[in-house]
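Listed below, chain by chain, are the residues.
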Amino acid sequence: MIRLQNIEKVYRTDTIETQALNNISLNVAKGEFLSIMGPSGCGKSTLLNIMGLLDAPTRGDIRIAENSTSQLSDKKLAQFRNRQIGFIFQSYHLISDLQVLDNVELPLLYRKSTARERKELASAALGKVGLSNRIKHFPTQLSGGQKQRVAIARAIVGKPQIILADEPTGNLDSGMGNEVMEILLHLNRTEGTTIVMVTHDEQMARKTHRLVRLFDGAQVQ
Ligand code: ADP
Ligand code: ADP
């Protein structure tokens, strides 16, 4: 589903050059749930951003669902990303002056769907994360775990084949973290969604199919 070959990423400014990723080759199979761990600054977020086509590698090839993405225009890339990939972040990234339902509808605004279809899909996604009773709330009126569940609903509303999650439980206590993790595991099991998750939590990582460790921009196992 995701194939990275010999990926290098160098961040250059006038004065500094940082090699964030050093020759990473990695395949993520369809339906796989992969965790990525490693110390701060080892390149985890960079790797996830490259997998998610949010950032381009300095060198190397990336294929998503058999599609080579390097030739796509920015517009096509955005469209492809919108259809294929859902993102979840540690700090939720919800829009604070939109109600829960409207937040979840956001990815659908880039598609040719009617207002009614958007509402139906968003309501269904919120049902899947157990938040049907919070659709008119604003993000500030929710707990951290609930906010992350809204973010998961937003990530899955367009039925993407891939979910990329950057420390999805990093801001949550263990109870809420486990709830969020259970939702991701269920999604992977029942819908076959391919999931790549960056985490600092060994216990969470152990619940997934495979763990990749990074150190200093390189894969160690
Ligand atoms: P996280 O995704 O874990 O919250 P950040 O994206 O905030 O982490 O940053 C990760 C690392 O990248 C940090 O060490 C930070 O200092 C560094 N970093 C982020 N943005 C820049 C930048 N524009 N220039 C230099 N270093 C950066
Ligand atoms: P992690 O997610 O594992 O904490 P990152 O992928 O954020 O690591 O960062 C990897 C390395 O790249 C770090 O040394 C960081 O300082 C550097 N880095 C990240 N983003 C930038 C950026 N935008 N500009 C310059 N350096 C960056």
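Residues numbered from 1 in each chain as written. Chains lettered and ligands numbered in written order. Predicted model: local features only at pLDDT ≥ 70, side-chain atom pairs only at ≥ 80, totals over all residues. Heavy atoms only, no water.

By the naming in an unreviewed UniProt entry, the chain is ABC transporter ATP-binding protein, taken from Chitinophaga lutea. According to the UniProt record, the Sequence similarities (unreviewed entry) comment for the chain reads "Belongs to the ABC transporter superfamily. Macrolide exporter (TC 3.A.1.122) family." (UniProt positions renumbered as here; feature names shortened; annotations may be inferred.)

Chemist: Teacher, can you tell me more about the confidence of the model for the chain here?
Modeler: The predicted coordinates should not be examined in detail at positions where pLDDT is low. Considering every residue of the chain, the mean pLDDT works out to 95; 100% of them sit at 70 or more. Scored as a whole, the predicted complex attains pTM 0.88, and scored at its interfaces, ipTM 0.70. (pLDDT = per-residue confidence, 0-100.)

Chemist: How should the pattern of salt bridges be read in this particular structure?
Modeler: Close approach of charged atoms allows side chains with opposite charge to pair. For the structure on display, the rule yields twelve salt bridges. Of the charged contacts, one joins Arg210 and Glu32 as a salt bridge, the two residues approaching to 2.7 Å between their closest N and O atoms. One end of the pair, Arg210, is in strand β9 (residues 210-215); the other, Glu32, is in the loop between β2 (17-28) and β3 (33-37), and 178 residues separate them in sequence. With relative accessibility at 12%, the residue Glu32 sits in the buried group. Across the salt bridge formed by Arg149 and Glu179, the nearest N and O atoms sit 3.0 Å from each other. (Salt bridge = Lys/Arg side-chain N within 4 Å of Asp/Glu carboxyl O. Helix = DSSP H or I, 4+ residues; strand = E, 2+ residues; numbered from the N terminus. Buried < 20%, exposed > 50% of the residue type's maximum accessible area, 1.4 Å probe, protein only.)

Chemist: Can you help me understand the sheet that holds strand β6 (residues 85-89) in this one?
Modeler: The strands making up a sheet are joined through hydrogen bonds of the backbone, oriented either antiparallel or parallel. Spatially, the six strands line up as an open sheet ordered β6-β7-β8-β3-β9-β10, and their pairing is mixed. Here the strands that pair on one side only, and so sit at the sheet edges, are β6 and β10 (218-219). Along the sheet face, helix α1 (residues 44-51) touches β3, β6, β7 (162-166), β8 (194-198) and β9 and points at about 160° away from the line of β7. Along the sheet face, helix α5 (residues 144-156) touches β6 and β7 and points at about 165° away from the line of β6. (Pairing = 2+ DSSP bridges. Contact = heavy atoms within 4.5 Å. Axes fitted to C-alpha atoms, helices over the stretch in contact; angles between N-to-C directions.)

Chemist: Which parts of the structure should I look at to understand the site of ligand 2?
Modeler: Close to ligand 2 lie Tyr11, Thr18, Ala20, Pro39, Ser40, Gly41, Cys42, Gly43, Lys44, Ser45 and Thr46. Interatomic distance of 2.7 Å between a backbone N/O atom of Gly41 and an oxygen atom of ligand 2. Ser45 is positioned with one of its backbone polar atoms (N or O) 2.8 Å from an oxygen atom of ligand 2. When the free accessible area of ligand 2 is taken as 560 Å², the share hidden by the protein chains comes to 60%. Within the residue set of the shell around ligand 2, elements represented by two or more residues are β2 and α1. Among the elements that make up the shell around ligand 2, the one with the highest residue count is α1 (three residues). (Near = heavy atom within 4 Å. Polar contact = N/O pair within 3.5 Å; in protein donor to acceptor, adjacent residues only side chain to side chain. Areas by Shrake-Rupley, 256 points an atom, 1.4 Å probe, with all protein chains shown as cover.)

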